[in-house]
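What follows is each chain in one-letter form.
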Amino acid sequence: MTSRIAIFASGSGSNAENIITTLRENPAFEFPVILSNKADAFVHLRAQTMGIQSVTFTRDDFANGEAIIDYLKHQRIDYIVLAGFLLKIPENIIKSFPEKIINIHPALLPNFGGKGMYGNKVHEAVKNAGVTETGITIHYVTEHYDEGNIIFQAQCPVATTDSPTDIANKVHALEYKFYPAIIQKIWG
Ligand code: GRF
């Protein structure tokens, strides 16, 4: 059986692109659509280049959930992958896709997570905390930011000389290596 996956992305979409290019030749997967809350997000250009449909829904649509659920059902979506998606997923979407929505967080949860902790803010907080290690956390999505069951974590060292950008680069390398692999493992 093929797993039909919708990717939700708000920004650049480098993870969305990496997941699709890594797994699209695998007959276990189909990637019918990328959903975004931003019409001008760079992820739409990536989608276009890959020949993948991408659509924008408003912030209200994502908060209400009903139109999104209808759309996903219409597209016969089985699973949802959040890849740099910044809005909260409402309860009705979570109930419609129980244990079928995952997210990647660019740090080792439960540290450096929660509302407002996204993108470079996470790496700046890691830098300011002076920790010697950071990494990625792939987890199931619940109504609360960054609190669902953890599926996988991977670590990388943080040097005292690392800037937040250096940290981001190390974390991105882990994301690119492991996000497609974990999707393959749980839904392939
Ligand atoms: C990634 O670091 C991801 O972990 C976080 O947001 C960033 C998205 O980057 N949730 P991109 O849009 O995939 O390039």
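What you see is a predicted model; the values in this text were computed from it and never measured.

**Considering the domain arrangement of the chain**
Stage number 1. Along its sequence, the chain is carved into domain 1 (1-98) and domain 2 (104-178).
Stage number 2. With 10 residues of domain 1 in contact, the opposing surface of domain 2 contributes nine residues.
Stage number 3. Contact between domain 1 and domain 2 buries roughly 940 Å² in total, counting both sides, with carbon and sulfur atoms accounting for 56%.
Stage number 4. Along the contact surface separating domain 1 from domain 2 lie zero salt bridges.
Stage number 5. At the junction of domain 1 with domain 2, the criterion picks out four residue pairs in polar contact (both at pLDDT 80 or more).
Stage number 6. Elements that contribute at least two residues to the side of domain 1 that touches domain 2 include exactly α1 (14-23) and α5 (91-96).
Stage number 7. In terms of residue class, the side of domain 1 that touches domain 2 is built from five nonpolar, three polar and two charged.

**Things to note about helix α2 (residues 43-50)**
Stage number 1. Taken together, the buried positions of α2 are occupied by Val 43, His 44, Arg 46, Ala 47 and Met 50. Along the long axis of α2, the arc covered by the buried residues comes to 160°, so they all point the same way. Facing away from the buried side of α2, by more than 90 degrees, are the exposed residues Gln 48 and Thr 49.
Stage number 2. For α2, the elements touching its buried residues are α1, β2 (29-36) and β3 (53-56).
Stage number 3. The first or second residue beyond α2 is Gly 51, which carries a positive phi of 75°.

Definitions and limits used
Here, residues in each chain are numbered from 1, in the same order as that chain's written sequence. Whole-chain, interface and lining totals are the exception, using all residues; otherwise, since this is a predicted model, local features are given only for residues with pLDDT of at least 70 and side-chain atom pairs are given and counted only at 80 or more. The basis for every side-chain value is the complete set of non-hydrogen atoms in the structure, without hydrogens or water. Note: domain ranges come from an automatic or database domain assignment. Residue contacts are counted whenever heavy atoms from the two residues lie within 4.5 Å of one another. Accessible area that two parts lose when put together, with a 1.4 Å probe and added across both, is what the buried area reports. Counted as salt bridges are all cases of a side-chain nitrogen of Lys or Arg within 4 Å of a carboxyl oxygen of Asp or Glu. Under this definition, polar contacts are N or O atom pairs within 3.5 Å; protein pairs additionally need one hydrogen-donor-capable and one acceptor-capable atom, and for neighbouring residues in sequence, both atoms have to be side-chain atoms. Working definition: helices are DSSP H or I runs of at least four residues, strands are E runs of at least two. Numbering for both runs from the N terminus. Put simply, Ala, Val, Leu, Ile, Met, Phe, Trp, Tyr, Cys and Pro go in the nonpolar bin, Asp, Glu, Lys and Arg in the charged bin, and everything else, Gly too, in the polar bin. Type-normalised accessible area, obtained with a 1.4 Å probe on protein chains alone, sets the label of each residue: buried when under 20%, exposed when over 50%, and partly exposed for intermediate values. By construction, the arc corresponds to the directions joining the helix axis to the C-beta atoms.

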